[in-house]
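# Coordinates in review
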Amino acid sequence: MVQSRDLVRLPFESSTPGIARTKLAAFLTRNRTDLAAIDNALIVLSEMIANAVAHGTPDQDGTMEIGWAIEEGHLLLSVRDSGHGVDMVPRPFDEDSLGGRGLSIISRVADKWSVDLSEGTCVRAELTLA
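Calculation criteria
Residues numbered from 1 in each chain as written. Predicted model: local features only at pLDDT ≥ 70, side-chain atom pairs only at ≥ 80, totals over all residues. Heavy atoms only, no water. Helix = DSSP H or I, 4+ residues; strand = E, 2+ residues; numbered from the N terminus. Buried < 20%, exposed > 50% of the residue type's maximum accessible area, 1.4 Å probe, protein only. Contact = heavy atoms within 4.5 Å. Areas by Shrake-Rupley, 256 points an atom, 1.4 Å probe, with all protein chains shown as cover. Core = buried A, V, L, I, M, F, W, Y, C linked by side-chain atoms within 4.5 Å. Salt bridge = Lys/Arg side-chain N within 4 Å of Asp/Glu carboxyl O.

## Regarding the overall build of the protein chain
From N to C terminus, the protein chain includes three helices and five strands. Secondary structure elements of the protein chain occur, N-terminal to C-terminal, as β-α-α-β-β-α-β-β. When burial is assessed residue by residue, the protein chain has 40% of its 130 residues classed as buried. Contacts spanning at least 24 positions in sequence make up 66% of the contacts within the protein chain whose residues lie at least 6 apart. On the protein chain, roughly 7,400 Å² of surface is accessible, and the fraction owed to carbon and sulfur atoms is 51%.

Here it is, written out as structure tokens:
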């Protein structure tokens, strides 16, 4: 049973994580989510979108699809682009590295995450809400 859901199309640009964070924070605040869960959700979504922009392909209209839903005490996040992702495995976390941490961060903060390559690349993550 889905309690609340949003699906947005946003530009395939480096500014998109900030736009999406604002929208997700408003959604979670309306749904009375605690601050720690909001912080974790914003981190995961930012990394998902940054990875899409860095490694993916925009849809024909220059956008990507970003969604979130609250379902049975869990926040479900998704980011879909038109690319065909490869090497979607977290790299060992290197504190000196300036990049390449996205999937490692997602795997550390989210309870679960997965990649669906059936229609472009769709990365999904799930976080438990308190």
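Next comes the rest of the description.
## Observations regarding the nonpolar core
Of all hydrophobic cores here, the largest spans 30 residues; its most connected members are L24, L45, I66, W68, L75 and L77. Of all the secondary-structure elements, those providing two or more residues to this core are β1 (2-11), α1 (16-30), α2 (35-55), β2 (63-71), β3 (74-81), α3 (102-109) and β5 (121-128). Setting aside residues up to four positions removed in sequence, W68 forms contacts with S4, R5, D6, V8, A20, K23, L24, F27, L45, L75, L76 and L77.

## Observations concerning the pattern of salt bridges
Should their charged atoms come close, side chains of opposite charge can pair. The tally for this structure, following the rule as stated, stands at seven salt bridges. Salt-bridge contacts for D59 lead to R9; the nearest nitrogen and oxygen are separated by 2.1 Å. Of this pair, D59 sits in the loop between α2 and β2 while R9 sits in strand β1; the two residues are 50 residues apart in sequence, bridging distant segments of the chain. Linking R80 and D59 is a salt bridge whose minimum nitrogen-to-oxygen distance equals 3.0 Å. Taken together, the residues R80 in strand β3 and D59 in the loop between α2 and β2 connect sequence positions 21 residues apart. Look at the salt bridges and you will find they share partners, linking R9, D59, D61, E65 and R80 into a network.

## Let's talk about the side chain of T16
You can see T16 is positioned in helix α1. With residues up to four places along the chain from it excluded, the contact list for T16 reads L10, P11, I49, M64 and I66.

## So, unusual backbone geometry
Notably, R32 is not glycine yet its phi reads approximately 55 degrees, a positive angle. Inspection of the secondary structure puts R32 in the loop between α1 and α2. For R32, a relative accessible area of 77% corresponds to the exposed category. At E72, a position not held by glycine, the phi torsion is positive, near 50 degrees. With respect to the helices and strands, the residue E72 is situated in the loop between β2 and β3. Among the residues examined, E72 registers a relative accessible area of 58% and is labelled exposed.

## Here's the deal with the side chain of T33
Relative to the elements of secondary structure, T33 occurs in the loop between α1 and α2. Overall, the relative accessible area of 13% leaves T33 in the buried class. Residues within four places of T33 in sequence aside, it is in contact with L28, I38, I70 and L129.

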